[in-house]
Amino acid sequence: SKKTNFLDYGSNLLALSNLVSKINLKTFNIYIYNPFSKKKITKNPFKVSIIQNQKKLKNKIFDVINFGSCIQYMEDFRIIENFLNLSKLSTVIITHTPLTLNNKYISKQSNHKNLNQTIHNYTSILSFFEKKKFKLIFKSRNEDKYIACANKKPKTYSLNLIFTKKK
């Protein structure tokens, strides 16, 4: 009976349009926040809430946060705890994200010459969420063609990860 508060971090309405035809949105309160866009969204054809101010994120309680291919654009992903309330969160989803088993590094994005990616260390992601009382319940690897690094280093993989709060 309770709706799930779902934050799609780094998303936009175009990405959401694909979901609308696939899931029943009546069971979700969907929020979108895109820290990488300065463009103000004025038209919203979907029943979603668009958060355009990072300060408003901390006051919201989310059940699920999806980081869809966006953590690599954060120089330090741990900053999320500065503006997201992780205490009531039950699930974290990270998709299509290049991670390395070696030391973190910076790479130009191969399909966008003016965009840098920080390829974070896989173990540091696990450790961060473990300290926040989350456990990894799912991981999968995408095809290497989805790693858009101009100078991809060995042991870099495009991964999907799902964490849930430990009970």
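Calculation rules
- Residues numbered from 1 in each chain as written.
- Predicted model: local features only at pLDDT ≥ 70, side-chain atom pairs only at ≥ 80, totals over all residues.
- Heavy atoms only, no water.
- pLDDT = per-residue confidence, 0-100.
- Helix = DSSP H or I, 4+ residues; strand = E, 2+ residues; numbered from the N terminus.
- Core = buried A, V, L, I, M, F, W, Y, C linked by side-chain atoms within 4.5 Å.
- Buried < 20%, exposed > 50% of the residue type's maximum accessible area, 1.4 Å probe, protein only.
- Contact = heavy atoms within 4.5 Å.

1. What about the confidence of the model for the chain?
Confidence along the chain averages 89 in pLDDT terms, with 92% of residues attaining 70 or more. Model confidence for the chain, summarised as mean pLDDT per element, is weakest for helix H1 (residues 13–20) at 68 and strongest for strand E8 (residues 134–141) at 98.

2. Quick look at the nonpolar core
Nonpolar side chains in soluble globular proteins tend to be buried together. Counting 29 residues, the largest nonpolar core has Tyr9, Phe67 and Leu84 as the members making the most contacts within it. Elements that contribute at least two residues to this core include exactly strand E1 (4–9), strand E2 (28–33), strand E4 (64–68), helix H3 (80–83), strand E5 (91–100), helix H4 (122–131) and strand E9 (156–165). The residues contacting Phe67, other than those within four sequence positions of it, are Tyr9, Met74, Ile80, Leu84, Val92, Ile93, Ile94, Thr95 and Thr97. Judged by nonpolar contacts, the second largest core, of six residues, contains Phe6, Ile32, Val48 and Ile93.

3. Regarding the environment of Val92
Its location among the elements puts Val92 in strand E5. Put simply, Val92 and Thr164 are 72 residues apart on the chain and 6.5 Å apart in space, counted from C-alpha to C-alpha. Contact partners of Val92, with chain neighbours within four places excluded, come to Ile65, Phe67, Phe129, Phe134, Leu161, Ile162 and Phe163.

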